[in-house]
Amino acid sequence: MELQAQKEAVCYNPNLLKDTTKRSIKSAAFGMIGQDSVKINYHSPGVRGRIIWGGLVPYDEVWVTGAHDATTLEIGHPFVVGGKEIPAGKYALFTIPGKKEWTVIINTKWQQHLATEYDQQEDVIRIKVKPVKHALTERLQYFVEPGKNRTGRIAVAWEKLRIEFPITVRG
């Protein structure tokens, strides 16, 4: 008898579901910026009454910005973040949450579990962003938000905070 691995369904809006699971939901965000698709794959944990910032997610430590495997960012054309042009490809997206400022990290090693294998030498770029207050978001959720021409934003919201950073796609 051959066993087949069950594929977990991907959820594009984990906050629309009737939330009955305590597990993190396999999720994705997808959007067009310019003529290119931007894909983010992540696992979406829930707040479930827990203290998130400075509790479940410690301040001033590298965080996978989701759960389980590293959150991945995939873009088919070169793109610019923080003034630096980054080659097309697939990357890990980490953050270092702080009380007043966060560091967003794009790292070349996208296949890793949590931040246990994280190595700062594999960072492509680090940028500083300020978290803003946001309506309660029970499950962590990423957004790809197109702007004008080839610009847009990547954002993540969870609990009562949101961070975002601008991105420009070349090509």
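It should be noted that the structure appears before, not after, this text.
Definitions and cut-offs
Residues numbered from 1 in each chain as written. Predicted model: local features only at pLDDT ≥ 70, side-chain atom pairs only at ≥ 80, totals over all residues. Heavy atoms only, no water. 1 Å grid on protein atoms, 1.4 Å probe; cavity = no way out; pocket = protein on both sides within 12 Å on 5 of 7 lines; lining within 4 Å. Points joined across faces, edges and corners; volume = space filled by probe spheres on them. Helix = DSSP H or I, 4+ residues; strand = E, 2+ residues; numbered from the N terminus. Nonpolar A, V, L, I, M, F, W, Y, C, P; charged D, E, K, R; others polar. Phe/Tyr/Trp six-rings, centres within 6.5 Å; stacked < 30°, edge-to-face > 60°. Lys NZ or Arg CZ within 6 Å of the ring centre and 35° of its normal.

Which parts of the structure should I look at to understand the layout of surface pockets?
To find leftover empty space, one rolls a probe the size of a water molecule over the atoms. Considered as a void within the structure, the largest pocket measures approximately 230 Å³ in volume. Lining of the largest pocket is provided by Lys26, Asn41, Tyr42, His43, Asp69, Ala70, Thr72, Lys90, Trp110, Gln111 and Gln112. The greatest single-element share of the lining of the largest pocket, amounting to 3 residues, is contributed by strand 2 (residues 36-44). Its residues assigned to classes, the lining of the largest pocket shows 3 nonpolar, 5 polar and 3 charged.

I tried to follow the packing of aromatic side chains on my own but got confused; where do I start?
The description of two aromatic rings rests on the distance between their centres and on the angle between their planes. Summed over all chains, the structure comprises 8 aromatic pairs. A ring pair is formed by Trp53 and Trp158, whose centres lie 5.8 Å apart and whose planes are at 85 degrees; its orientation type is edge-to-face. Here Trp53, found in the loop between strand 2 and strand 3 (71-75), pairs with Trp158, found in strand 10 (residues 151-169); they are 105 residues apart in sequence, far enough to count as distant. Through a chain of ring-to-ring contacts, the aromatic side chains of Trp53, Trp63, Trp102 and Trp158 assemble into a single cluster. One cation-aromatic arrangement involves Lys90 over Trp110; the distance from NZ or CZ to the ring centre is 3.8 Å.

Is there a simple way to explain empty space enclosed by the protein in this structure?
Taken as a whole, this structure holds 2 cavities of 30 Å³ or more when the rule is applied. Estimates place the volume of the largest cavity at around 50 Å³. Together, Thr65, Leu93, Thr95, Val104, Tyr142, Ile154, Ala155, Val156, Ile163, Glu164 and Phe165 line the largest cavity. Residue assignment for the lining of the largest cavity shows that the elements contributing at least two residues are strand 6 (89-96) and strand 10. Broken down by element, the lining of the largest cavity gets its largest block of residues, 6 residues, from strand 10. Looking at the lining of the largest cavity residue by residue, the classes come out as 8 nonpolar, 2 polar and 1 charged.

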